[in-house]
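Here is what each chain is made of, one letter per residue.
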Amino acid sequence: MDRRAAEGPLPRQLSLFDTRSIRLGGRDVEYRFSRRRRRTLGITVDASGLAVAAPLRAPWRDIESFMRDKERWILAKLDEWASVPRPAVLQIASGESMPLFGSEVTLEVREGGRAVRQRADRLLVFAPGPLRLAETLVGWLKTKALESLAPRAEHFAALLGLAAPCVALSSARSQWGICSEDGSIRLSWRLVHLDPALADYVIAHEVAHLAELNHSKRFWSLVARLYPEWREARERLELAGASLPLFVTRG
């Protein structure tokens, strides 16, 4: 599941963007602008800021008018993203905190064999030395991710009368999940950091692709059947994903 719907291939010169500025609400707002083979104007706001995509022959006055019509929404989204915490860089040291299933846990690092044990809101990370800390913790997180995500995929598949799909993990940060033509699903292990309700949206999205390998109206109807609050969850997921922790590999 990409964060944006894919568009058709474009010549290299048409896929480039330039940076421009517009006055909105008394503020100078920079944005990335590109012209593409599309029928309508499109606006997105994410961690990188405002981006505007326009049809190849759209008049400039129409583009700016469209942006001014969306002024309140644009400014609200920019402010929302500005308040999102940036990813924490974890050294994997005692006293650091990390999200696990939507709640914060505190790390305690100890010398010993490679293992992780959860004690309420603490994670005890045992490793034979600092070089093995990230490997040990990430390996444990992947195990927990698969244990929690696979049964949910089976659950949503059953709601559509489908067999449980084969679920594997990926290490992607910008693509939460992907459904292949062979009926298998790959999910980012980083979903283990998030509220399970958000992970459920990703899984429901990919399970719906088992029946509709597209983004047609029928596909979104299936998503709504599996996860009625998908619009809200999709927005929350994008914001939450922007602050996922980064692990330092020592060496």
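Anything mentioned here points back to the structure above.
What comes next is a walk through the structure. All of these numbers come straight from a predicted model, not from anything done at the bench.

Things to note about the packing of aromatic side chains
Reasoning step 1: Applying the stated criterion across every chain, the model contains 5 aromatic pairs.
Reasoning step 2: Counting every residue linked through ring pairs, the aromatic cluster contains F219, W220 and W230.
Reasoning step 3: One Lys or Arg, R117, reaches over the ring of F126 and ends 5.0 Å from the middle of that ring.

A closer look at the environment of L244
Reasoning step 1: Mapped onto the secondary structure, L244 falls in the loop between α7 (230-241) and β13 (246-247).
Reasoning step 2: Given a relative accessible area of 1%, L244 falls into the buried group.
Reasoning step 3: Along the sequence, L244 and V89 sit 155 residues apart, while their C-alpha atoms lie 9.2 Å from each other.
Reasoning step 4: Not counting residues up to four positions away in its chain, the partners in contact with L244 are P87, A88, R173, W176, R190, H193 and L194.

So, helix α4 (residues 133-159)
Reasoning step 1: The end-to-end C-alpha distance of α4 is 40 Å, a good match for the 39 Å that 27 residues give at a rise of 1.5 Å each.
Reasoning step 2: Along α4, the residues that are buried comprise L133, A134, T136, L137, V138, W140, L141, A145, L149, A153, F156 and A157.
Reasoning step 3: Backbone geometry just downstream of α4 places G161 in the positive-phi region, at approximately 75°.

Focus on the pattern of salt bridges
Reasoning step 1: A complete count under the given rule lists 12 salt bridges for this structure.
Reasoning step 2: Among the salt bridges present, the one from E108 reaches R110, with a minimum N-O distance of 3.2 Å.
Reasoning step 3: Overall, the relative accessible area of 21% leaves E108 in the partly exposed class.

A short note on the sheet that holds strand β11 (residues 177-179)
Each strand in a sheet pairs with its neighbour through backbone hydrogen bonds, running either in the same direction (parallel) or in the opposite one (antiparallel).
Reasoning step 1: What the 3 strands build is an open sheet, ordered β10-β12-β11; its pairing is mixed. Two strands bound the open sheet, and with one partner strand each, they are β10 (167-170) and β11. Within the sheet, the average angular offset between the axes of one strand and its neighbour, ignoring direction, is 20°.
Reasoning step 2: As paired strands, β11 and strand β12 (residues 185-188) are joined by 3 bridges and run antiparallel to one another. Note on β12: the bridge partner recorded for G177 is L187.
Reasoning step 3: In the packing of α4 onto the sheet, contacts are made with β10 and β12, and the angle to β10 comes to roughly 140°.

Concerning the environment of F66
Reasoning step 1: By the secondary structure assignment, F66 is in helix α2 (residues 60-69).
Reasoning step 2: On the basis of relative accessibility, which here comes to 25%, the residue F66 falls in the partly exposed class.
Reasoning step 3: Along the chain, F66 and S171 lie 105 residues apart, while their C-alpha atoms are 38 Å from each other.
Reasoning step 4: Among residues more than four places away in sequence, those in contact with F66 are L41 and I43.

The rules behind the values
- Starting afresh in each chain, residues are numbered from 1 along the sequence in its written order.
- Only residues with pLDDT of at least 70 are given local features in this predicted model, and only at 80 or more are side-chain atom pairs given and counted; all residues enter the totals for whole chains, interfaces and linings.
- Only hydrogens and water are set aside when side-chain values are computed; all heavy atoms of the structure are taken into account.
- Each pair of aromatic rings taken from Phe, Tyr and Trp, with Trp reduced to its six-membered ring, is defined by centres within 6.5 Å and is described as stacked if the planes are under 30 degrees apart, edge-to-face if over 60, and tilted in the remaining cases.
- Two thresholds decide whether a charge sits over a ring: the Lys NZ or Arg CZ must be within 6 Å of the ring centre and within 35 degrees of the ring normal.
- Only DSSP runs of H or I reaching four residues or more are called helices, and only runs of E reaching two or more are called strands; each is numbered from the N terminus.
- Accessibility here uses a 1.4 Å probe with only protein chains present; expressed as a share of the type maximum, an area under 20% marks a residue as buried, one over 50% as exposed, and anything in between as partly exposed.
- Throughout, a contact is declared for two residues whenever any of their heavy atoms are within 4.5 Å.
- By this rule, a helix spans an expected 1.5 Å times one less than how many residues it contains.
- Think of a salt bridge as a Lys or Arg side-chain nitrogen and an Asp or Glu carboxyl oxygen that are within 4 Å of each other.
- For two strands to pair, DSSP has to find at least two bridges joining them.
- Where helices are involved, their axes are fitted lines through C-alpha atoms of the stretch in contact, as for all axes, and angles between N-to-C directions lie from 0 to 180°.

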